[in-house]
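If you want the building blocks of each chain, they are given just below.
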Amino acid sequence: MKKVVLITGATSGFGEATAYVLANNGFDLILCGRREDRLNIVKLACEKAGAQVWTAVVDVRNENEVEDFVKRCRTWTSEIFALINNAGLAVGREPVHQGVSDDWERMMDTNVKGLLWMSKYVSQWMVEQHSGSIINIGSVAGKQAYGGGVAYNGSKFAVDGITQAMRIDLVTHNIRVGQICPGAAETEFSLVRFKGDETIASKVYDGFQPLVAQDIAETVLFMITRPPHVNIQDVWIMPTAQASATVLHKKG
Ligand code: 8X3
């Protein structure tokens, strides 16, 4: 039986790329996301690569949906090898005194609470089987703050803390917990952050080579394929031109 990996936010960006990389490396997949049409496209491509794929439309912000979803997963497969908590977003760049409450709620509900709900129900399953790996997609924004990042920074610093606490909770259950903290990566990320403004979003990556989703997907593959006694706890991965959250060497 192939190992099964569950990926949240699998309809685009890091999640989609991770699905393809894992399908091509002999894993079966459970993919969830909010856009059914996109899920079906990713599912078909992964099946072509030889993976068995189960999909579900799930909004990780809703605890009941997450609980029901994990129950359904357990009817599809008896064992879960890894959970990739990838679903997340950044919206807006306003300073704290001009913050848009709805943007803040979307970020906190998805990046923090969604990750907690999914981790709660999947880790119960992993505790029963006494094995598993959980990888949280954090961010350089969870290591270093910047102006206009107040809620996004807060949500990703939370992911850093949650990752550390979960690792302590689960260490006696033979469950590996780690995180990947990417810097600037060209995906739908900036388009969402700037609410569909393609002109501003595309300028973010002018003058340097950003990370691409494949870089993160390959890191996930590396982490989950280490021998069972090895847990990579924290990976900080940046474009070569990016020295920190705020120091980017742009040409021109
Ligand atoms: C994304 C990285 O630098 O845009 O998580 O906050 S950054």
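One structure accompanies this document, and this report is about it. Since we're looking at a predicted model, the values are computed, not measured.

Before going further, it helps to spend a moment on the packing of helix 3 (residues 63-76) against helix 4 (residues 101-129). For the pair helix 3 and helix 4, interaxial distance at closest approach is 8 Å and the crossing angle is 30°. Taken as axis vectors, helix 3 and helix 4 run roughly parallel relative to one another. Between helix 3 and helix 4 lies a crossing whose hand is right-handed. Together, Glu63, Val66, Glu67, Phe69, Val70, Cys73 and Arg74 of helix 3 and Trp117, Met118, Lys120, Tyr121, Val122, Trp125 and Glu128 of helix 4 make up the contact between the two elements. When the residues that make up the contact of helix 3 with helix 4 are grouped by side-chain class, the tally is 9 nonpolar, no polar and 5 charged.

It is worth spelling out helix 2 (residues 36-48) at this point. Across its 13 residues, helix 2 extends 18 Å between first and last C-alpha, which sits within 8% of the 18 Å expected from 1.5 Å per residue. Those residues of helix 2 not exposed but buried are Leu39, Val42 and Cys46. The buried residues of helix 2 occupy an angular sector of 70° when the element is viewed end-on, so they sit on one face. Of the exposed residues in helix 2, those oriented more than 90 degrees away from the buried face are Asp37, Leu44 and Lys48.

Moving on, we come to unusual backbone geometry. The phi torsion at Asn174 lies on the positive side, around 65°, for a residue other than glycine. If you check the backbone angles, Lys195 has positive phi at about 55° while not being a glycine. Its place among the elements puts Lys195 in the loop between helix 6 (189-193) and helix 7 (198-203).

Any two aromatic rings considered together are summarised by their centre-to-centre distance and by the angle between their planes. Applying the stated criterion across every chain yields a total of 5 aromatic pairs. An aromatic cluster of three or more residues is present, and its members are Trp54, Phe69 and Trp76. Note that Arg193 overlies the ring of Tyr152, its terminal NZ or CZ placed 5.1 Å from the centroid. Geometry around Phe222 places Arg226 over its ring, the cationic atom sitting 3.8 Å from the centre.

Another aspect to go through is the site of the ligand. Contacts to the ligand come from Ser139, Val140, Ala141, Tyr146, Tyr152, Pro182, Gly183, Phe189 and Arg193. The side chain of Ser139 places a nitrogen or oxygen atom 2.5 Å from an oxygen atom of the ligand. Relative to its unbound accessible surface of 240 Å², the ligand loses 85% to contact with the protein.

Rules of the game
- Residues numbered from 1 in each chain as written.
- Predicted model: local features only at pLDDT ≥ 70, side-chain atom pairs only at ≥ 80, totals over all residues.
- Heavy atoms only, no water.
- Axes fitted to C-alpha atoms, helices over the stretch in contact; angles between N-to-C directions.
- Helix = DSSP H or I, 4+ residues; strand = E, 2+ residues; numbered from the N terminus.
- Parallel < 35°, antiparallel > 145°, perpendicular 65-115°, else oblique.
- Left-handed = near helix turned anticlockwise from the far one by under 90°.
- Contact = heavy atoms within 4.5 Å.
- Nonpolar A, V, L, I, M, F, W, Y, C, P; charged D, E, K, R; others polar.
- Expected span 1.5 Å × (residues − 1).
- Buried < 20%, exposed > 50% of the residue type's maximum accessible area, 1.4 Å probe, protein only.
- Arc of directions from axis to C-beta.
- Phe/Tyr/Trp six-rings, centres within 6.5 Å; stacked < 30°, edge-to-face > 60°.
- Lys NZ or Arg CZ within 6 Å of the ring centre and 35° of its normal.
- Near = heavy atom within 4 Å.
- Polar contact = N/O pair within 3.5 Å; in protein donor to acceptor, adjacent residues only side chain to side chain.
- Areas by Shrake-Rupley, 256 points an atom, 1.4 Å probe, with all protein chains shown as cover.

Function-wise, these values are silent; they only describe arrangement.
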